[in-house]
Amino acid sequence: MTTLYTMPGTCSLACNIAVAWLDAPVEIHNLAYGDHQKDEYLAINPKGQVPALKFDDGNVLTELAAIMAWLGAEHGGEGYARDKKLGYREAEALAYMTSEIHAAYGPHFAAKRFAESESAQEEVKQATYRTLGDHYQRLEDNLSSTDGEFYLGKRSFADAFLYVLTRWIDQTPLAIDDYPNLKAHRARMERDDDVRKALKRQDMEAVG
Ligand SMILES: N[C@@H](CCC(=O)N[C@@H](CS)C(=O)NCC(=O)O)C(=O)O
């Protein structure tokens, strides 16, 4: 069976949620933290990152946005194929969330890669939080420009990644309370049975 590799706390939760929403025949293999750097997993994804999707024939697809595109095309049914506008807006949102916002988290997760001294690392981190603050404000504004329930007006995989981002904010000095639409979105996602199922499969809990 096709296998999705995940790890607790990571962005791979978004793909796990998408699998649950589609009820796709994809097995979830939740790595323990650290196993992503072991030879066995590096043979699957030499980048040492999750998510990765391994097909029965041994082929591997990496990069969250690409995995979401495959899930939609393969298991999204006719509705997914017909709603072209939602499809390209979803691709736009996922590209923004992965290449801009997730990437901007780099110095937060691994400050040592960006500066040597502790004071320089702290400076880089503070700049990172300012950038992230701008991103969260943009997400908040975009969400409030729809009816507020879903990021693109209708449920899409962008909501799955948005949920990951609204969880990560708690690790930063930024406060979810400053983004009321994002806070409500996070709470709504946690009332979704499929989201709870995905969290459980990844050894994670709702944040409330
Ligand atoms: N560009 C990749 C980024 C994936 C990524 O950074 N995954 C993180 C978890 S959120 C990871 O595996 N980190 C482990 C590491 O880099 O050591 C994507 O969008 O899939």
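Given the structure is predicted, the values throughout are model-derived calculations rather than measurements.

**Notes on the overall build of the protein**
Move 1: Looking only at helices and strands, the protein features 10 helices and four strands.
Move 2: Secondary structure elements in the protein, listed N-terminal to C-terminal, are β-α-β-α-β-β-α-α-α-α-α-α-α-α.
Move 3: Taken over C-alpha atoms, the radius of gyration comes to 17 Å for the protein, in line with the 17 Å a tight globule of 208 residues would show.
Move 4: Dimensions of the protein, computed from the C-alpha atoms along their principal axes, are close to 50 × 45 × 30 Å.
Move 5: Counting every position in the protein, which comprises 208 residues, the buried fraction comes to 31%.
Move 6: Sequence separation of at least 24 residues holds for 62% of the intrachain contacts in the protein that already meet a minimum separation of 6.

**Some words on helix α5 (residues 84–104)**
Move 1: Relative to the 30 Å expected for 21 residues at 1.5 Å per residue, α5 spans 29 Å between its end C-alpha atoms, a close match to the ideal helical length.
Move 2: Within α5, the full set of buried residues consists of Glu90, Ala93, Leu94, Met97 and Ile101.
Move 3: As for α5, its buried residues are in contact with α3 (64–75), α7 (118–144) and α8 (157–168).

**What to know about the nonpolar core**
Move 1: Membership of the largest hydrophobic core comes to 48 residues, with the highest contact counts inside it found for Ala14, Ile17, Ala18, Met68 and Phe161.
Move 2: For this core, the element with the highest residue contribution is α8, accounting for nine residues.
Move 3: Counting only domains with at least three residues in this core, you end up with domain 1 (2–77) and domain 2 (83–192).
Move 4: Setting aside residues up to four positions removed in sequence, Ala18 forms contacts with Met68, Leu71, Phe157 and Ala160.

**Observations regarding the sheet that holds strand β2 (residues 26–30)**
Move 1: With mixed pairing, the four strands of this open sheet are ordered in space as β2-β1-β3-β4. Sheet topology places β2 and β4 (60–62) at the edges, where each strand pairs with a single neighbour. Here the strands of the sheet are splayed against their neighbours by 25° on average, with no regard to which way each runs.
Move 2: Bridge analysis of strand β3 (residues 52–54) against β4 gives three bridges, and the strand direction is antiparallel.

**What about the domain arrangement of the protein?**
Move 1: Taken as a whole, the protein is organised into domain 1 (2–77) and domain 2 (83–192).
Move 2: Taking only C-alpha atoms into account, the centre of domain 1 sits 21 Å from that of domain 2.
Move 3: Domain 1 puts nine residues into the contact, and the matching count from domain 2 is nine residues.
Move 4: Taken together, the elements giving at least two residues each to the side of domain 1 that touches domain 2 come down to α1 (12–22) and α3.
Move 5: Residue classes in the side of domain 1 that touches domain 2 are distributed as eight nonpolar, one polar and no charged.

**Regarding α7**
Move 1: With 27 residues, α7 extends 38 Å from end C-alpha to end C-alpha; this agrees with the ideal 39 Å at 1.5 Å per step.
Move 2: Residues of α7 that are buried include every one of Leu132, Tyr136, Leu139 and Leu143, and no others.
Move 3: Looking at the buried side of α7, the elements it contacts are α5, α8 and α9 (180–190).

**Remarks on the environment of His108**
Move 1: Here His108 shows up in helix α6 (residues 106–109).
Move 2: Through-space distance from the C-alpha of His108 to that of Lys47 is 19 Å; in sequence the pair is 61 residues apart.
Move 3: When sequence neighbours within four positions are dropped, the list of residues in contact with His108 reads Lys125, Thr128 and Thr172.

**Here's the deal with unusual backbone geometry**
Move 1: Here the residue pair Val50 and Pro51 is connected by a cis peptide bond, since its omega of 0° sits within 30 degrees of zero.
Move 2: The backbone of Glu63 shows a phi angle near 80°, a positive value even though the residue is not glycine.
Move 3: One can find Glu63 in the loop between β4 and α3.
Move 4: Its 16 C-beta neighbours within 10 Å are what place Glu63 among the partly exposed residues.
Move 5: Positive phi, normally seen in glycine, also occurs at Asp203, with a value near 55°.
Move 6: Relative to the helices and strands, Asp203 resides in the segment after α10 (193–201).

Definitions and limits used
Residues numbered from 1 in each chain as written. Predicted model: local features only at pLDDT ≥ 70, side-chain atom pairs only at ≥ 80, totals over all residues. Helix = DSSP H or I, 4+ residues; strand = E, 2+ residues; numbered from the N terminus. Rg over C-alpha atoms; globule rule 2.2 N^0.38 Å. Buried ≥ 20, exposed ≤ 12 C-beta atoms within 10 Å, placed from the backbone. Contact = placed C-beta atoms within 7 Å. Expected span 1.5 Å × (residues − 1). Core = buried A, V, L, I, M, F, W, Y, C linked by C-beta atoms within 7 Å. Domains from an automatic or database assignment. Pairing = 2+ DSSP bridges. Axes fitted to C-alpha atoms, helices over the stretch in contact; angles between N-to-C directions. Nonpolar A, V, L, I, M, F, W, Y, C, P; charged D, E, K, R; others polar.

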